[in-house]
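Here is how the chains run, residue by residue.
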Amino acid sequence: MTEPITEGGPRNTVEEVYAQINSDLDTAIGLLTTRRNAKSHLNINVAKGIKARVALTQGNYSLAAQMAKEAQEGYSFMSTEQLYEGFNNVNNPEWIWGSEQVDDQQTFFASFFAYMSLNFSSTNIRGNPKAINSLLYDMIPDTDARKGLWDPNASDPELRDPFIDEMTLGSFSKVDYMNRKFIAQGNASSVGDVPYMRVAEMYLVEAEALARSGNDAEAAQVLFDLVSTRDSAYTLSTNTGDALIEEIMIQRRIELWGEGFRFYDLKRLNLPLDRSGANHVDNVINSKYTEEAGTNDWQWKIPIDELNANDQMVQNPS
């Protein structure tokens, strides 16, 4: 809707929705500057970053690369030390956009950190610590600092990282490959700032867009500029074509793990879900190991209340 209405309207086409999204973003880019009162607010960098995401989804790779590059301006990569600080501080130099949570406005068990952190004492975390797919973990070189964000030996008290015992209570389950990437303020506090957009994501968008448009050398350089900050042994990729794209997508999975991108990446690329042959167990993922690409299960249904209230709103055929 672009104006107030009193009666329900029909569904718009996908083309119309994308046209409105891009129109809104272009207007925002024209009005915003780099100035803002807090990183939870929008500025021109955030608008360009969102524009880059949309362009990547639409396959407009030239525009995606341009917008991603411009969104990075004025921001820098975090240090290795900051990589281990818990992804909970909006003042991290790599964060372009994020929500800032203050102590007296925390959401307790509705918080992101009540589900994803290592240490907040919620039922979900105590019984179901979030873990990386072991097949993906095995792709991370030992020289990559990000590999330490997960512990492949967490179930073994003799082998696991002492930090896990230091940060958790005795009632917490310890499972192999569990994460220490996200750290809440404490066992009794789920407070933590939530990352919405980081410089690393924009580098990955730029690299992917360049690679998918055939600019392999430029894509490899952008990828190197990011990954070399995480892995001192990483060398400029000699991959080209599909192999380079695959390398970029693996780096995307590693870098953005837990930040909410994988589901949408599978959707936009029309790829299947496949968790088989790894460390996942039934009681953790409700036996959902695979899902073919393009099935109805990838789509959220229109709520029944909207269908009941609006005669012009119809559900897609199954």
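The notes below deal with the structure included here. (Residues numbered from 1 in each chain as written. Predicted model: local features only at pLDDT ≥ 70, side-chain atom pairs only at ≥ 80, totals over all residues. Heavy atoms only, no water.)

### Some points on a nonpolar patch on the surface
A grouping of Phe263, Tyr264 and Trp300 is seen on the molecular surface, where their side chains present a nonpolar patch of about 430 Å² in accessible area. Relative to the assigned elements, Trp300 resides in the loop between β6 (290–291) and α14 (304–309). (Patch = residues over 30% accessible without salt bridge, like charges linked within 9 Å, V, L, I, M, F, W, Y side chains within 5 Å. Areas by Shrake-Rupley, 256 points an atom, 1.4 Å probe, with all protein chains shown as cover. Salt bridge = Lys/Arg side-chain N within 4 Å of Asp/Glu carboxyl O. Helix = DSSP H or I, 4+ residues; strand = E, 2+ residues; numbered from the N terminus.)

### Some remarks on the packing of aromatic side chains
Under the criterion given, the structure shown has 13 aromatic pairs. For the pair Phe224 and Tyr234, a centre-to-centre distance of 6.1 Å together with 25 degrees between the ring planes defines the contact as stacked. Of this pair, Phe224 sits in helix α10 (residues 216–227) while Tyr234 is found in the loop between α10 and α11 (241–255), placing the two residues 10 residues apart along the sequence. Judged by its relative accessible area of 14%, Tyr234 falls in the buried class. Considering the side-chain rings of Phe263 and Trp298, the 5.6 Å spacing of their centres and the 35 degrees angle between planes classify their relative orientation as tilted. (Phe/Tyr/Trp six-rings, centres within 6.5 Å; stacked < 30°, edge-to-face > 60°. Buried < 20%, exposed > 50% of the residue type's maximum accessible area, 1.4 Å probe, protein only.)

### Considerations on α10
Between the first and last C-alpha of α10 there are 16 Å, a value that for 12 residues agrees with the 16 Å anticipated at 1.5 Å per step. For α10, the set of buried residues is Asp216, Ala219, Ala220, Val222, Leu223, Leu226 and Val227. Seen from one end, α10 has its buried residues packed into an arc of 165 degrees, which puts them on one side. Buried positions along α10 lie against α9 (199–212) and α11. (Expected span 1.5 Å × (residues − 1). Arc of directions from axis to C-beta. Contact = heavy atoms within 4.5 Å.)

### Some remarks on the pattern of salt bridges
Taken as a whole and judged by the stated rule, the model has 19 salt bridges. Salt-bridge contacts for Arg146 lead to Asp144; the nearest nitrogen and oxygen are separated by 2.7 Å. For Asp144, a relative accessible area of 4% puts it in the buried group. Residues Lys181 and Glu259 are paired through a salt bridge, measuring 2.9 Å at the closest nitrogen-oxygen approach. Placement of Lys181 in the loop between β3 (178–179) and β4 (194–198) and of Glu259 in the loop between α11 and α12 (262–268) is noted, with a sequence separation of 78 residues between them. Residue Lys181 shares its accessibility class with Glu259, and that shared class is buried. One network of salt bridges, with partners in common, ties together Glu94, Asp144, Arg146, Lys181, Arg198, Arg230, Glu255 and Glu259.

### With respect to the nonpolar core
Core analysis: the biggest nonpolar cluster contains 37 residues, and Met202, Leu223 and Ile248 have the highest contact counts within it. Listing elements by their share of this core, those giving two or more residues are α2 (44–58), α3 (61–71), β1 (95–99), α9, α10 and α11. If you tally residues by element for this core, the top one is α9, at 10 residues. Among all residues touching Ile248, those that are not within four sequence positions of it are Leu204, Ala207, Glu208, Ala211, Ala219 and Leu223. (Core = buried A, V, L, I, M, F, W, Y, C linked by side-chain atoms within 4.5 Å.)

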